[in-house]
Amino acid sequence: MTINESTGQALERERAGRTMKVAQHLFPGKIEECIEMLARYGGNARIVAGGTDLFLWLKEGKASAETLVDVSCIKEMKALEERSDCLILGPGLTHAEVASNPVVRRYFPALSDGCRSVGSPQIRNIGTLGGNIVSAQPAADSVVPLVALGAECEIRGLSGSRTELLEELFLGVGKSRVDPTREVITRIIVKKPEGKSGNAFARIAPREAMALPVINAAVQLTVDAGRISAARIVTAPVAVAPFRARKAEECLIGKQPGSIGDLKRAAKIAEEEAKPRDSLVRGSGEYRKALVKDLVEQALLRAAGSLG
Amino acid sequence: MQALKCVVNGKDVEVNVDPSRSLVDVLRTDLGLTGTKKGCGEGECGACTILLDGKPVNSCIIPVMKAQGRNILTIEGLAEAGELHPIQEAFIEAGAVQCGFCTPGVILSAKSLLEEFENPSQEEITEALSGHLCRCTGYLQFYDALKLAAEKIAEKKKATYGYGG
Ligand code: FES
Ligand code: FES
């Protein structure tokens, strides 16, 4: 059998990629330095934060990097700043740090609860918010609430800096538009909604610890003059990215947050919109569809209840 | 190879390591600290748990260079001057050790918990141990051991610092 040249070259590249081993692990002290390192090693370097996902991918040959550029010693990456209109979270904060932060708890219980649901205590002590965003698993328990809260990411790279909505960073399962060989998330910005608002997170998994969610959901309701003025309802994994149930969101506008019937109706609409697949691990599509309704309903009732 | 400098069980350590390896592999094979176990190697079972700057982490999914400049405690560092740590004594007395594979990790998570809460609730204990799989004990003995350990530590403090210390 003959192999044409391009296939041969591709095979060689692939083989080389598989055997490319981490040769150095660097610790830049500043973001600028980190970008310089990415530039210097042109594509063979890659950002690492907690490294919990990346380490396994490297081992399994699903990712490769010769140089790891570690952001966990950069001070700004671990900052948490409250401003009058938003919270700014450093992407290097661990899930444990976010879950135990009282300011996050006060404004965004959905995010606290989501971060508390990630993996196990040992994973939460290493894994980071930014790392979970770039890993781009659609049902990441820390990312689903961030999408419901309308979070934005500031991204810095070789070609400058930009700010994007987090929900637009998903390309597919495990694929992020943030390219860790060229750029790094430097801040996660979560706006405090104007006026009264409430948010909540709900999940179900086979066990209470160390189990991926069968379904999770996060919502945020904003109320103006006694009526719902904005609603965000996110559920996963029912698509390649966290799924916004936009019809359910729309049907809540103008309704009273205390109207349980309306909240339940919205959850029912979310169920109709969501199209979870049959999964050997997570359960049948039909079962998970029913769970979308239950969890969205739970989250909406709690978010509405927290409005006071 | 890269030079790794860190503190392991209170001692300064300097060792040249291959940065593609995991922390648990270096602890076990290069430093000879085989008390830390490797079960799944994927962050699922908790057997490889060590304390990194006082916090429990899975050493099997940590690239070894992440230990640079940091403080590591493994099960070997718990006993002092040949005397078992009160948590270790409590585990023996409560019958919380069977095959022993999960035990070093569980004891280190227990240590981190008891440093944060002198008298943890059942809920806090369950949560702190939720990242450990044990196929032998059924967990109830862990809970007894932790409560006993909390008492032992409190007694020891009283003996060292006197009442109200
Ligand atoms: S060996 Fe590390 S978690 Fe199982
Ligand atoms: S004592 Fe055997 S696994 Fe826990």
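What comes next is a walk through the structure. Only a predicted model underlies this, so the values are computations on that prediction, with no experimental measurement involved.

**Digging into the nonpolar core**
Residue and element names in this part refer to chain A.
Here is step 1: Of all hydrophobic cores here, the largest spans 36 residues; its most connected members are Leu89, Leu111, Ile133, Leu146, Leu166 and Ile188.
Here is step 2: For this core, the secondary-structure elements that each account for two or more residues are strand 5 (86-89), helix 4 (95-99), helix 6 (109-116), helix 8 (129-135), helix 9 (143-148), strand 6 (152-157), strand 10 (183-191) and strand 13 (227-236).
Here is step 3: For this core, the element with the most residues is helix 9, which contributes 5 residues.
Here is step 4: Shared between two domains, this core takes at least three residues from each, and those domains are domain 2 (75-191) and domain 3 (196-305).
Here is step 5: Look past the residues within four positions of Leu146 in its chain and what remains in contact with it is Leu89, Leu111, Leu129, Ile133, Ala151, Leu166, Ile188 and Val190.

**Comments concerning the sheet that holds strand 12 (residues 215-224) of chain A**
Residues and elements named next belong to chain A.
Here is step 1: The 4 strands lie next to each other as 11-12-13-14, forming an open sheet whose pairing is antiparallel. Lying at the two open borders of the sheet, with one neighbouring strand each, are strand 11 (196-204) and strand 14 (243-244).
Here is step 2: Two elements, strand 12 and strand 13, share 9 bridges in a ladder whose sense is antiparallel. Note that in strand 13 the partner of Asp224 across the bridge is Arg227.

**Overview of the packing of helix 2 (residues 86-93) of chain B against helix 3 (residues 103-116) of chain B**
Residue and element names in this part refer to chain B.
Here is step 1: Helix 3 packs onto helix 2 with a crossing angle of 125° between their chain directions and a minimal axis gap of 10 Å. Relative to helix 3, helix 2 is oriented oblique. Remark: the crossing between helix 2 and helix 3 carries right-handed chirality. Residues Ile87, Gln88 and Phe91 of helix 2 touch helix 3, and the partners they reach there are Thr103, Val106, Ile107, Ala110, Lys111 and Leu114.
Here is step 2: When grouped by side-chain class, the residues that make up the contact of helix 2 with helix 3 number 6 nonpolar, 2 polar and 1 charged.

**A word on the interface of chain B and chain A**
Here is step 1: Each partner contributes residues to the interface: chain B has 30 residues there, and chain A has 25 residues.
Here is step 2: It is Ser20(B), Ile61(B) and Lys66(B) that lose the most area in chain B upon contact with chain A, and together they represent 26% of the buried surface on that side.
Here is step 3: At the boundary of chain B and chain A, one finds 3 salt bridges.
Here is step 4: In this structure, the salt-bridge partner of Asp70(A) is Lys66(B), at a minimum N-O distance of 2.9 Å.
Here is step 5: Where chain B meets chain A, there are 11 residue pairs in polar contact (both at pLDDT 80 or more).

Scoring rules and cut-offs
Residues numbered from 1 in each chain as written. Chains lettered and ligands numbered in written order. Predicted model: local features only at pLDDT ≥ 70, side-chain atom pairs only at ≥ 80, totals over all residues. Heavy atoms only, no water. Core = buried A, V, L, I, M, F, W, Y, C linked by side-chain atoms within 4.5 Å. Buried < 20%, exposed > 50% of the residue type's maximum accessible area, 1.4 Å probe, protein only. Helix = DSSP H or I, 4+ residues; strand = E, 2+ residues; numbered from the N terminus. Domains from an automatic or database assignment. Contact = heavy atoms within 4.5 Å. Pairing = 2+ DSSP bridges. Axes fitted to C-alpha atoms, helices over the stretch in contact; angles between N-to-C directions. Parallel < 35°, antiparallel > 145°, perpendicular 65-115°, else oblique. Left-handed = near helix turned anticlockwise from the far one by under 90°. Nonpolar A, V, L, I, M, F, W, Y, C, P; charged D, E, K, R; others polar. Buried area = accessible area lost by both parts, 1.4 Å probe. Salt bridge = Lys/Arg side-chain N within 4 Å of Asp/Glu carboxyl O. Polar contact = N/O pair within 3.5 Å; in protein donor to acceptor, adjacent residues only side chain to side chain.

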